[in-house]
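# Overview (structure and organization)
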Amino acid sequence: MADLRLILQCLLFCVTVAGCGGGAAEKADLNRTRPPGDFGALETEAAQLHATWDTVSFTNPATLPMSGRAQYNGVVQMDVQQGARRTSMNGDMQLNVNFANQKISGRANNFVDQSDNAYSGTLSVSNSVMDRGADPTSGFTYLTDLKGRLTGNGQTLDIDAGLSGDFRGAQPGATTGIVQGTVAGPGGAGFIYGDFIAEE
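Residues numbered from 1 in each chain as written. Predicted model: local features only at pLDDT ≥ 70, side-chain atom pairs only at ≥ 80, totals over all residues. Heavy atoms only, no water.

Turning our eyes to something else, we now look at the overall build of the chain. Per the secondary structure count, the chain includes two helices and ten strands. Its helices and strands taken in sequence order, the chain reads α-β-α-β-β-β-β-β-β-β-β-β from the N to the C terminus. Across the 200 residues that make up the chain, the buried fraction comes to 51%. Of the contacts made within the chain by residues no fewer than 6 positions apart, 66% connect residues no fewer than 24 positions apart. Accessible area of the chain: about 8500 Å², with a carbon and sulfur share of 51%. (Helix = DSSP H or I, 4+ residues; strand = E, 2+ residues; numbered from the N terminus. Buried < 20%, exposed > 50% of the residue type's maximum accessible area, 1.4 Å probe, protein only. Contact = heavy atoms within 4.5 Å. Areas by Shrake-Rupley, 256 points an atom, 1.4 Å probe, with all protein chains shown as cover.)

So this is what it looks like as structure tokens:
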């Protein structure tokens, strides 16, 4: 995954996927049944989601529903770079999309690193902007903030990042995109980059 994330960061490439189910009610909090601290399980889940959705066409933002809500659950994968120190992290991703007011909220949590060290804390998704006139082949359908504090493996990381994403499918069933931002922690100031994918 590290090589893919580097490509994403350098080229600002977005792997896209969409999700929506008309007027579906917003679901309860994400509740994973996977064992805590299992980096490999999240790697496998992400790979399966990409295998399902990466070949599905982009959703035309102009055709997104004008009402209703949808919730997408999946995986966020990030590299945290602080000087020569790089930490790969996987976590659960939940995105709640309100098509009526064009707002996206959610969170990323349950993070574990490549050594299966668990990190407490939550990164919140907020301050979203959706562009129904966007061209997903050259830009993004939505942008959001992704901010919060993660603590684990003897360090506290303050993350100030954002999501850039799109939807896929005629009846959007998933969403995917990239993560980019900055981090401050015991290793000094640095940056994060990666990708996310979630399905309804």
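Further notes follow.
Moving on, we get to the pairing of strand S4 (residues 103–113). Side chains on a regular strand alternate between the two faces of the sheet. With eight of eleven residues buried, S4 lies mostly within the body of the structure. Two strands pair when backbone bridges link them, and strand S3 (residues 85–98) and S4 are joined in this way by nine bridges, in the antiparallel orientation. Across the sheet, residue aspartate 92 finds its bridge partner in S4, namely asparagine 109. Hairpin connection from S3 to S4: four residues lie between these consecutive antiparallel strands, with glutamine 102 at a positive phi of about 60°. As paired elements, S4 and strand S5 (residues 118–119) share two bridges and run antiparallel to each other. Bridged to phenylalanine 111 within S5 is tyrosine 119. (Pairing = 2+ DSSP bridges.)

What follows is about the packing of aromatic side chains. Taken as a whole, this structure holds four aromatic pairs when the rule is applied. Ring geometry for phenylalanine 99 versus phenylalanine 167: centroids 6.1 Å apart, planes at 50°, classification tilted. Of this pair, phenylalanine 99 sits in the loop between S3 and S4 while phenylalanine 167 is found in strand S8 (residues 155–168), placing the two residues 68 residues apart along the sequence. Judged on exposure class, the residue phenylalanine 99 and its partner phenylalanine 167 are both buried. Following the ring pairs from residue to residue traces out a cluster consisting of Tyr72, Phe99, Tyr142 and Phe167. (Phe/Tyr/Trp six-rings, centres within 6.5 Å; stacked < 30°, edge-to-face > 60°.)

This paragraph deals with the nonpolar core. Residues Phe111, Ile159 and Val179 are the most contacted members of the largest nonpolar core, which totals 31 residues. For this core, the secondary-structure elements that each account for two or more residues are strand S2 (69–82), S3, S4, strand S6 (123–130), strand S7 (142–152), S8, strand S9 (173–185) and strand S10 (188–199). Sequence-distant contacts of phenylalanine 111, that is, excluding residues within four places in its chain, are made with Val76, Met78, Met89, Asn90, Gly91, Asn117, Ala118, Tyr119, Leu123 and Leu150. With five residues, the next largest nonpolar core counts Phe39, Ala46, Val75 and Val112 among its residues. (Core = buried A, V, L, I, M, F, W, Y, C linked by side-chain atoms within 4.5 Å.)

We now examine helix H2 (residues 39–53). Taking 1.5 Å as the rise per residue, H2 with 15 residues should run 21 Å; its terminal C-alpha atoms sit 21 Å apart, in good agreement. Looking only at H2, the buried set comprises Phe39, Leu42, Glu45, Ala46, Leu49, His50 and Trp53. For H2, the arc enclosing every buried residue in end-on projection is 135°, short of the 170-degree limit, so these residues lie on one face. Relative to its buried face, H2 has exposed residues pointing more than 90 degrees away, namely Gln48 and Ala51. (Expected span 1.5 Å × (residues − 1). Arc of directions from axis to C-beta.)

Now for the pattern of salt bridges. Scanning the entire structure with this criterion turns up two salt bridges. Between lysine 147 and aspartate 160 there is a salt bridge, with its nearest N and O atoms 3.7 Å apart. Residue lysine 147 is located in strand S7, and its partner aspartate 160 is located in strand S8; the two are separated by 13 residues in the primary sequence. The exposure class assigned to lysine 147 is partly exposed, which follows from its relative accessible area of 40%. The partner of arginine 149 in a salt bridge is aspartate 158, and the shortest N-O contact between them spans 2.6 Å. On the accessibility criterion, aspartate 158 (31% relative accessible area) is partly exposed. (Salt bridge = Lys/Arg side-chain N within 4 Å of Asp/Glu carboxyl O.)

In this model, glutamine 102 sits at a positive phi of 60°, which is unusual for a non-glycine residue. Of note, glutamine 102 is situated in the loop between S3 and S4.

Here the chain averages 86 in pLDDT, while 82% of its residues score no lower than 70. Note that residues 1–29 has pLDDT below 50 and, in this model, 103 contacts with residues that lie over four places away or in other chains. (pLDDT = per-residue confidence, 0-100.)

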